[in-house]
Amino acid sequence: MTETIIAPSILSADFANLERDVKIIKDAGAEWAHVDVMDGHFVPNITIGAPVVKALRKVTDIVLDVHLMIENPEKYVPDFAKAGSDYITFHYEATKEKTAEVIEQIKSFGIKAGLSIKPKTKPEEIKDYISMVDLILIMTVEPGFGGQSFMPDCAEKIKYIKQHAKDDLIIEVDGGINAETGMVCKKYGANALVAGSYVYGSSDIKKAIESLR
Ligand code: DX5
Ligand code: ZN
């Protein structure tokens, strides 16, 4: 895969105007909309749940890239799958020894499965799962909030994932991504970039998206 997938995070959109703000990124050329789900336990913030994914699914055909930053993701995978998610990514730190089961659970709904690691987790810890998933998401900030600064050390983990990946694996990065940090990640082998504040905070969203390619 050579093309870069751009996935603006709707965490930085206007929650009172989500339909409009998803249409804006789609019209500006974004392939995916990244949906950040936080439970106030796995991360210290609470955002949105499956009903919002369901509502968005009715008004857009953009790929919905759902990032679960929650404890016990297996409890909520059915809701998010039935709501119309295209990708469901959960955190290895939330599942540990039940990781393989959760991957299989997501796939059983006929959708794509992703596995994510936080900044302090080494890529070696998820080695056995790389061949099982469609996507690996490397966090380049501590998950929980948009608008934080990119952590360069985290981006280096992309190299390890790339070395152990099959050709069609999507390697996604999330946190502090802009044109400059996105370039660093692409050089290491990332082919999907999440960007929240950089895209939605821009006065020219189309230009911001194009600058990430
Ligand atoms: C952070 C979320 C990110 C966040 C990225 O916990 O997973 O998706 O929205 O925001 P920016 O691009 O502003 O760092
Ligand atoms: Zn995210």
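That block above? That's the structure.
Residues numbered from 1 in each chain as written. Chains lettered and ligands numbered in written order. Predicted model: local features only at pLDDT ≥ 70, side-chain atom pairs only at ≥ 80, totals over all residues. Heavy atoms only, no water.

(A) Region of interest: the environment of Asp-134. For Asp-134, the location among the structural elements is in the loop between strand S5 (112-117) and strand S6 (135-139). Residue Asp-134 is classed as partly exposed on the basis of its relative accessible area of 22%. A sequence separation of 67 residues divides Asp-134 from His-67, and the C-alpha atoms of the two residues are 14 Å apart. Residue contacts for Asp-134: discarding those within four places in its chain leaves Tyr-87, Lys-107, Lys-112, Ala-113, Asp-168, Leu-169 and Ile-170. Of note is the side chain of Asp-134, whose polar atom sits 2.9 Å from the backbone nitrogen of Ala-113. (Helix = DSSP H or I, 4+ residues; strand = E, 2+ residues; numbered from the N terminus. Buried < 20%, exposed > 50% of the residue type's maximum accessible area, 1.4 Å probe, protein only. Contact = heavy atoms within 4.5 Å. Polar contact = N/O pair within 3.5 Å; in protein donor to acceptor, adjacent residues only side chain to side chain.)

(B) Region of the structure containing the pattern of salt bridges. Under the counting rule described, the total for this entry stands at ten salt bridges. Salt-bridge contacts for Glu-142 lead to Lys-120; the nearest nitrogen and oxygen are separated by 3.4 Å. Here Lys-120 lies in the loop between S5 and S6 and Glu-142 lies in the loop between S6 and helix H6 (152-155), a separation of 22 residues in the sequence. Looking at Lys-120, the relative accessible area reads 73%, which means it is exposed. When salt bridges with common partners are traced through the structure, they connect Asp-14, Arg-20 and Asp-21 into a single cluster. (Salt bridge = Lys/Arg side-chain N within 4 Å of Asp/Glu carboxyl O.)

(C) Here's a closer look at the site of ligand 1. Near ligand 1, the surroundings consist of 20 residues, among which Asp-36, Gly-144, Asp-174, Gly-196 and Ser-197 are the closest. Ser-197 is positioned such that a nitrogen or oxygen atom in its side chain is 2.5 Å from an oxygen atom of ligand 1. Its free accessible area being 380 Å², ligand 1 has 100% of it covered by the protein chains. (Near = heavy atom within 4 Å. Areas by Shrake-Rupley, 256 points an atom, 1.4 Å probe, with all protein chains shown as cover.)

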